[in-house]
Amino acid sequence: MKILHLDTNHELLINQLNHLGFTNHEDYSSSKEKIEAKINEYDGIILRSRFSIDRQFLDTATNLKFIGRVGAGLENIDCEYAQQKGITLIAAPEGNRNAVGEQALGMLLSLFNKLNKADREVRSGKWQREANRGVELDGKTVGLIGYGNMGKAFAKKLRGFDVEVLCYDIKEKVGDANAKQVSLAEFQQRVDVVSLHTPQTPLTLNMVNTAFINQFKKPFWFLNTARGKSVVTADLVSALKSGKILGAGLDVLEYEKSSFEDMFTTTMPEAFQYLIAAENVLLTPHIAGWTMESKEKLAQTIVDKIKAEFC
C-alpha cells in the first residue's frame, strides 16, 4: 500500500510504516490541486490540518482506503462522504489527551491565582499583593462539557483537588469514578467552572452563546481547549463584562488560522480587542495538545491503528 504524507510529523511515523512494508511518499508543499491530480495513486493519506478533505478530493481519490489525521478531531474531513466510500478514518485523540488535561489544569490555576497578571506587574516594577489575591480551587464544582478522551484526561488531573467534578455529554453512561454525569439542567445549576471538551460538529457550532451562558445559576470560570467556533466570542465578552463569566482561559479562538495574523494589521474585531486587554483572560495559540511528548504519542497512535486495521 502506498501512503502520501501531507504534513511533517514525528519521524517514527514514516520509519515504522516503512518497517511494516508500506511505501511512503512525502509532499509538504504542493497545492491541493496538484495533490488531487495524483491522489488516485495512493491507498492512504496522513495529514494534520493542511487543507480540508472534501467531496471533490474524495471523488478523485479512487483508490483511497484510509485517511489518518494526526490530531484529535476529524472536522477537516467530510467524514460522512468518506465513510460512504468505504474509507477508514483514523484520528489520534489518545495521543494528546494528557497534554490537553495538563494545560486545562494549568490555565485554571493560572486564572484563579492571577499568575500572568502578577508576573507582568512584578516585571514592570509593581508589587501589588492585595490586588493579586487568588481564589482556591478546593471546594469548587468543576463542570466538563464533553466527556471523551479530553474530558476524561482533565477529570483525572483534578483528582488531587478537593473538588466535585460533573460532566455533561450527549452520550449516555459516560461518567466514571472521576466525574459524575448529570443532566444539562443540573450542570447549569451547580458548576463554578465550565470546561469545554467537545468536537466541532453542527451541534457544537456557536454552542456557547448568550442564551446558553444565561442558563447558568452562578457566575462561572470558563475554559476552552476544544474548538474556537464552538464559542460566540462577542457573547463571551458580554458575559465577561457583566461578570457572568468570572474569567476565561482560551486555547482556541474563532479567529484562528489564516485570518488570525491579519487581524493585527487590519481592523481587529471589537470582541478580540477586549480579550487581549482583559486581565482575567488567558490566551494561548491552540497548543493544549501540542507538547514534545504528544508529538510522539500522536504519531505512534496513528501507526498502531493503521497496523491493527491493515496488517
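This text follows the structure it describes.
One structure accompanies this document, and this report is about it. (Residues numbered from 1 in each chain as written. Predicted model: local features only at pLDDT ≥ 70, side-chain atom pairs only at ≥ 80, totals over all residues. Heavy atoms only, no water.)

### Observations concerning the overall build of the chain
Line of reasoning, step 1. Looking only at helices and strands, one finds 12 helices and 12 strands in the chain.
Line of reasoning, step 2. Over its C-alpha atoms the chain spans a radius of gyration of 21 Å, differing by no more than 12% from the 19 Å that the globule rule assigns to 311 residues.
Line of reasoning, step 3. Burial analysis of the chain (311 residues in total) assigns 47% to the buried set.
Line of reasoning, step 4. Contacts spanning at least 24 positions in sequence make up 60% of the contacts within the chain whose residues lie at least 6 apart.
Line of reasoning, step 5. Counting only carbon and sulfur atoms, one obtains 49% of the accessible surface of the chain, whose full area is about 15700 Å².
Line of reasoning, step 6. When the 38 positive and 39 negative side-chain charges of the chain are each reduced to one mean point, those points stand 3 Å apart. (Helix = DSSP H or I, 4+ residues; strand = E, 2+ residues; numbered from the N terminus. Rg over C-alpha atoms; globule rule 2.2 N^0.38 Å. Buried < 20%, exposed > 50% of the residue type's maximum accessible area, 1.4 Å probe, protein only. Contact = heavy atoms within 4.5 Å. Areas by Shrake-Rupley, 256 points an atom, 1.4 Å probe, with all protein chains shown as cover. Lys, Arg positive; Asp, Glu negative; His and termini not counted. Charge placed at Lys NZ, Arg CZ, Asp CG, Glu CD.)

### So, the side chain of Ser 110
Line of reasoning, step 1. Position of Ser 110 among the secondary structure elements: in helix H5 (residues 93-112).
Line of reasoning, step 2. Ser 110 sits in the buried class, given a relative accessible area of 10%.
Line of reasoning, step 3. A distance of 3.3 Å separates a polar atom in the side chain of Ser 110 from a polar atom in the side chain of Asn 116.
Line of reasoning, step 4. Those residues within four positions of Ser 110 in sequence are excluded, and the remaining contacts are Leu 115, Asn 116 and Leu 282. (Polar contact = N/O pair within 3.5 Å; in protein donor to acceptor, adjacent residues only side chain to side chain.)

### Some thoughts on the packing of aromatic side chains
Line of reasoning, step 1. For the structure on display, the rule yields seven aromatic pairs.
Line of reasoning, step 2. Taking the centre distance of 5.8 Å and the plane angle of 50 degrees together, the rings of Phe 51 and Phe 57 count as tilted. Accessibility assignment for this pair places Phe 51 and Phe 57 in one class, buried.
Line of reasoning, step 3. Judged by centre distance (5.1 Å) and plane angle (35 degrees), the ring pair of Phe 66 and Phe 310 falls under tilted. (Phe/Tyr/Trp six-rings, centres within 6.5 Å; stacked < 30°, edge-to-face > 60°.)

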